[in-house]
Each structure stands twice: as structure tokens, then as C-alpha cells.
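# Architecture at a glance
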Amino acid sequence: MILTVKNLSVTYGAKTAVNNVSFSVEPGEVIGLLGANGAGKSSTIAAVLGIEKSNFKELTMLGKSPILHRKEVFQEVGVQFQETNFQDKLIVREACEQWGSLYRQTADVPLLLQTFGLAGKETQLVKSLSGGERQRLAVLLALISNPKLVFLDELTTGLDTKARRMLWKQLLAMKEKGLAIVLTSHYMDEVEMLCDKILILKNGETVFQGTIQEAIQASEKFTLEDAYLHFAGEEDWI
């Protein structure tokens, strides 16, 4: 198992942000963490990454504790945050070099640049890239260590249809080679394209976990979007 999370809880003072969440990810598997804003997705990921303090029964990545063996584990784990802040005068090539220097081994960077549509932009300031190009660069940097597991937070927010599909195609190819992915997304077409299973959170609680088809069947709906709205408790807002 690439990632195992058992009975994970996160509290902020008297408020419980995440309550006894459990899930696991195998090589080549994609799990989608879904929920409305404030449901506990970001807190769950931050806790799993060891950024946020948490309580848990078990938390292992690649068979080790991401808290006790942090340096070793994160040689093989990539992270793309929803907001990646770059230095003002940083160019694309320097960003790749900076991120690459954190790892013992790196992927083929020119190939990644080509794959993500950034070839020819190596000397361009990162801040001068379009929003979609910066987003693609953030995903590229998460994959620069050739990781076994990657966390992708709101993967394609702000991307046009062509760029979204390009990213999906590349991630599916990497998934075929064994890459495990934990994904948060508000786009149900993206979830259907990429995810093997989903976990829906509501007020920090797991309200559904299973495959997309199981979610549709359990909700007695006809689409994933309707099933999601049912479990997330957002139907009343429509």
C-alpha cells in the first residue's frame, strides 16, 4: 500500500475539522477527496502531509511515517498546492533547478517541459506566464522527483478545456506506470476521468467512500454530480 490513513482527526481548539477519516491508496490508483469548501479536504491533506497536527491510529506513506521519516518519505512524494507562490524574478528553468535540487534523483526535465507544454519557455519569468501555464508548472514541479505518490490540490482550476485534457492525459499515462494520486477537485468530469474511488467529506465527516458507480447507486441518482450533491448536502442550495 502506498498510503494508509486510519482514524485521522484534526482539531482547531474546540472545533473538529476532520473526524476519524480513513482511506488508502495503492500503486497506480487515484482517490478523489471531495466536499464543499470547509468540508475538511485541505485539513485532511495538510494532516496527512504532516503540515497540520493531527491524531490518528495509523499514517504511513511508502510503508513509513511521513512525520518520523519525513526527509526520506518526501524524496518519493510530490505535492501541488492550490496556490504555489514563486519568487518575482524566477525564470522557469531556475524553478525546475530549485525544485530538482531538493531530490536525489529527478525525472527528465526537458521531457516534462515538453509534456506540459512549457518547452521554449525556460527563460521566461514565471510571473509572466499565463495562469494556466503557472498551474501546469506547479504540477510539473510536483512530478519532478518522479514520485510514487503525488497530492494534487484543485488540479485544473483556471485551465481551459484543452489544457485540462492535456493534463488528464499525462496523469493517466503516469497512473498506468504506477503513480498513485490523491486529488481534490470541484469538477466532476475530472473526477470521473481520473479517479478509481472517491471519498466525500461533509463537516469533517466521511459521508461516502467507494467507487463512482457505487456513489451513483447508493444515492439513487443518475450522475456523479447529482450523487455528490446528495452526499455533500448541497442539494438544498439548488
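Structure: above.
Now for a quick tour of the structure. (Residues numbered from 1 in each chain as written. Predicted model: local features only at pLDDT ≥ 70, side-chain atom pairs only at ≥ 80, totals over all residues. Heavy atoms only, no water.)

### A short note on the pairing of strand β6 (residues 149–153)
What counts is decided by this rule: Only protein chains enter the accessibility calculation, which uses a 1.4 Å probe. A residue is then buried if its area is under 20% of the maximum for its type, exposed if over 50%, and partly exposed in between. Here a strand is any run of E in DSSP of at least two residues, a helix any run of H or I of at least four, and the numbering for each starts at the N terminus. A strand pair is defined by DSSP finding two or more bridges across the two strands.
In terms of residue burial, β6 counts as a mostly covered element, since five of its five residues are buried. Here β6 shows a buried face lined by L149, F151 and D153 and a second buried face lined by V150 and L152. In the sheet, strand β5 (residues 77–80) pairs with β6 via four bridges, with the strands oriented parallel. Looking at β6, one finds that G78 is bridged to V150. Pairing analysis gives five bridges linking β6 to strand β7 (residues 180–184), with the strands arranged parallel. Considered in β7, the bridge of L152 is made with L183.

### Some details on helix α5 (residues 131–142)
To be explicit about the condition: Here a helix's expected span is defined as the number of its residues, less one, multiplied by 1.5 Å. Any two residues having at least one pair of non-hydrogen atoms within 4.5 Å are treated as being in contact.
Look at α5: 17 Å from first C-alpha to last across twelve residues, which is about the 16 Å you get at 1.5 Å a residue. In terms of burial, α5 is a largely internal element, ten of the twelve residues being buried. Listed in full, the buried residues belonging to α5 are G132, E133, Q135, R136, L137, A138, V139, L140, L141 and A142. In this structure, the buried residues of α5 make contact with β5, α3 (92–100), α4 (109–115), β6 and α6 (161–176).

### Points about the sheet that holds strand β4 (residues 58–61)
Test applied: To obtain an axis, a line is fitted to C-alpha atoms, over the contacting stretch when the element is a helix, and the angle between two such axes runs from 0 to 180 degrees between their N-to-C directions.
Taken together, the three strands give an open sheet; going across it, the order is β2-β1-β4, and neighbouring strands pair in antiparallel fashion. Both outer strands of the open sheet, β2 (15–25) and β4, are each paired with one neighbouring strand and no more. Neighbour-to-neighbour, the strand axes of this sheet turn through a mean angle of 30°, independent of strand direction.

### Some points on the sheet that holds strand β3 (residues 30–34)
In space, the six strands of this open sheet follow the order β5-β6-β7-β3-β8-β9, with mixed pairing throughout. Here the strands that pair on one side only, and so sit at the sheet edges, are β5 and β9 (205–210). Direction aside, the axes of adjacent strands within the sheet are offset by 15° on average. As paired elements, β3 and strand β8 (residues 197–202) share four bridges and run parallel to each other. Within the sheet, the bridge partner assigned to I31 lies in β8 and is K197. Packed onto the sheet, α5 meets β5 and β6 and runs at close to 165° relative to β5. Across the face of the sheet, helix α9 (residues 224–232) comes into contact with β3, β8 and β9 while running at roughly 35° to β8.

### Brief notes about the layout of surface pockets
What counts is decided by this rule: Using only the protein atoms, space was sampled on a 1 Å grid; points where a 1.4 Å probe fits but cannot get out form cavities, open sets with protein on both sides within 12 Å along at least five of seven lines form pockets, and lining residues are those with an atom within 4 Å of a point. Grid points are joined across faces, edges and corners, and a volume is the space filled by probe spheres set on the points. We call Asp, Glu, Lys and Arg charged. Ala, Val, Leu, Ile, Met, Phe, Trp, Tyr, Cys and Pro are nonpolar, and the rest, Gly among them, are polar.
Quantified by volume, the largest pocket comes out at close to 420 Å³. Taken together, 17 residues form the lining of the largest pocket, with A107, N146, P147, M174 and K177 sitting closest to its centre. Classifying every residue of the lining of the largest pocket by side-chain character gives ten nonpolar, four polar and three charged. For the second largest pocket, the lining is made up of 15 residues, of which G78, V79, F81, W99 and Y103 are closest to its centre. Of all elements in the fold, only β5 and α5 reach the threshold of two or more residues within the lining of the second largest pocket. A per-element tally of the lining of the second largest pocket places β5 first, with four residues. Here the residues of the lining of the second largest pocket are counted per class, giving twelve nonpolar, three polar and no charged.

### Section: the pattern of salt bridges
Here is the rule: Basic side-chain nitrogens of Lys or Arg form a salt bridge, by our definition, when they fall within 4 Å of a carboxyl oxygen of Asp or Glu.
Evaluation of the coordinates by the stated rule reveals seven salt bridges. A salt bridge links E76 to K148; the shortest N-O distance between them is 3.3 Å. A residue pair is termed long-range when its members are at least 10 positions apart, and E76 in the loop between α2 (70–73) and β5 and K148 in the loop between α5 and β6 qualify at 72 residues. Residue E76 is classed as partly exposed on the basis of its relative accessible area of 31%. The partner of E133 in a salt bridge is K121, with the nearest N and O atoms 3.2 Å apart. You can see E133 sitting in helix α5 and its partner K121 sitting in the loop between α4 and α5, a full twelve residues away along the chain. A relative accessible area of 13% means that E133 is categorised as buried. For K121, a relative accessible area of 22% gives the class partly exposed.

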